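Fold and geometry: a report
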Amino acid sequence: MCIGVAPHKHVSYGKVIGGVLLLISRLVAAAAIQTVTWATRLESAKETTTNLQFYFHDTLSGKNPSAVRIAQAIDTDRSRTLFGIVMMADDPLTETSDPQSKLVGRAQGLYGSACQDQLSLIMSMSFVFVDGPYNGSSISLLGNNRAMNPVREMPIVGGTGFFRLARGYAVAQTHWMDFKTGDAIVGYNVTVVH
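The residue numbers shown here count from 1 along each chain, following its written sequence. Thresholds applied to this predicted model are a pLDDT of at least 70 for local features of residues and 80 or more for the giving and counting of side-chain atom pairs; totals over whole chains, interfaces and linings are not thresholded and use all residues. Excluding hydrogens and water, the side-chain figures rest on all heavy atoms present in the structure.

For the chain, the name recorded in an unreviewed UniProt entry is Dirigent protein 23, with Citrus sinensis as its organism.

Set out below in structure tokens:
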């Protein structure tokens, strides 16, 4: 008895690999569509640039300071730059340098001495606005503040409300400082793109 064998068909491996790759690419595309169903891409309108000017009142002295020490390194008090000190702030932001002028917001966040050679603060602050069209909105500042320089620039890295998706920069200039108490009034000119 003879068992017949079907003639061998020649299979092109190029076609098989091509078919498998096509199938994989379709599966990946389908999976990609499914993974972004929880997100919506928004096409934004033209960006707006807003310029803000206000004064930051940092008060460390008196019965009701607006900035308080919350941590320090062991040798902080022996450092000429207070290296290692960390402060928590809830400083008023006013329309003019006069502390009694109109309140436009609050600077809420942390700053600490981050340099051993000169007074250089690392700042993480939210400027939360309480007046006018920006009421309830905020911008976030995160960066290095070389406090003894007459003028310094720091980045704006985000915002909320009116300033959602903000980016920009803040130029700070010390208006007044009491070296004995550490109290200061600093003028801010902030340019925000949002």
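There is more to say after this.
Here's the deal with the overall build of the chain
What counts here: Numbering of helices and strands runs from the N terminus; a helix is a DSSP stretch of H or I covering at least four residues, while a strand is a stretch of E covering at least two. Here's how the labels work: a residue is buried when its accessible area is under 20% of the maximum for its type, exposed when over 50%, partly exposed in between, all with a 1.4 Å probe on protein chains only. Any two residues whose heavy atoms approach within 4.5 Å are treated as being in contact.
Within the chain one finds one helix and nine strands. Reading the chain from its N end, one meets helices and strands in the order α-β-β-β-β-β-β-β-β-β. Classification of the 194 residues of the chain by burial places 29% in the buried group. The long-range fraction of contacts in the chain, counting pairs at least 24 apart against all pairs at least 6 apart in sequence, stands at 47%.

A look at the pairing of strand β5 (residues 121-129)
Note the threshold: Pairing between strands is defined by DSSP: at least two bridges between the two strands are required.
Here β5 shows a clear split, with L121, M123, M125, F127 and F129 buried on one side and none of I122, S124, S126 and V128 buried on the other. Where β5 meets strand β6 (residues 138-145), eight bridges bridge the pair, whose relative direction is antiparallel. The residue of β6 that forms the bridge with V128 is S138.

A few points about the layout of surface pockets
In plain terms, the rule: As defined here, a cavity is a set of points on a 1 Å grid over the protein atoms alone where a 1.4 Å probe fits but cannot get out. A pocket is an open set with protein on both sides within 12 Å along at least five of seven lines, and residues line them when an atom is within 4 Å of a point. Grid points are joined across faces, edges and corners, and a volume is the space filled by probe spheres set on the points. Each residue receives one of three labels: charged for Asp, Glu, Lys and Arg, nonpolar for Ala, Val, Leu, Ile, Met, Phe, Trp, Tyr, Cys and Pro, and polar for the others, Gly being one of them.
Space inside the largest pocket adds up to approximately 560 Å³. Taken together, the elements giving at least two residues each to the lining of the largest pocket come down to β1 (49-58), β4 (103-113), β5, β8 (167-177) and β9 (184-193). With three residues, the top contributor of residues to the lining of the largest pocket is β9. Classifying every residue of the lining of the largest pocket by side-chain character gives 16 nonpolar, six polar and five charged.

Describing the side chain of H194
Counting through the fold element by element, H194 comes out in the segment after β9. The exposure class of H194 is buried, given its relative accessible area of 15%. Not counting residues within four places of it along the chain, the set of residues in contact with H194 comprises E47, T48, T50, F162, F163, R164, L165 and A166.

A word on the packing of aromatic side chains
The criterion, for reference: To pair, rings of Phe, Tyr and Trp, with the six-membered ring standing in for Trp, must have centres within 6.5 Å; the planes then decide the type, stacked if under 30 degrees apart, edge-to-face if over 60, and tilted in the middle.
Counted under the stated rule, the structure contains 10 aromatic pairs. Relative to F129, the ring of F54 lies with its centre 6.0 Å away and its plane at 65°, an arrangement referred to as edge-to-face. Placement of F54 in strand β1 and of F129 in strand β5 is noted, with a sequence separation of 75 residues between them. We classify F129 as buried; its relative accessible area is 4%. Each ring, one from Y134 and one from F163, has its centre 5.1 Å from the other, and the planes form 40°; the classification is tilted. Here F163 lies in the loop between β7 (151-160) and β8 and Y134 lies in the loop between β5 and β6, a separation of 29 residues in the sequence. Among the residues examined, Y134 registers a relative accessible area of 21% and is labelled partly exposed. Looking at F163, the relative accessible area reads 0%, which means it is buried.

Here we look at the pairing of β6
Relative to β7, β6 is paired through four bridges, and the arrangement is antiparallel. Residue pairing in the sheet places I139 in a bridge with G159 of β7. Between β6 and the antiparallel strand that follows it, β7, lie five residues.

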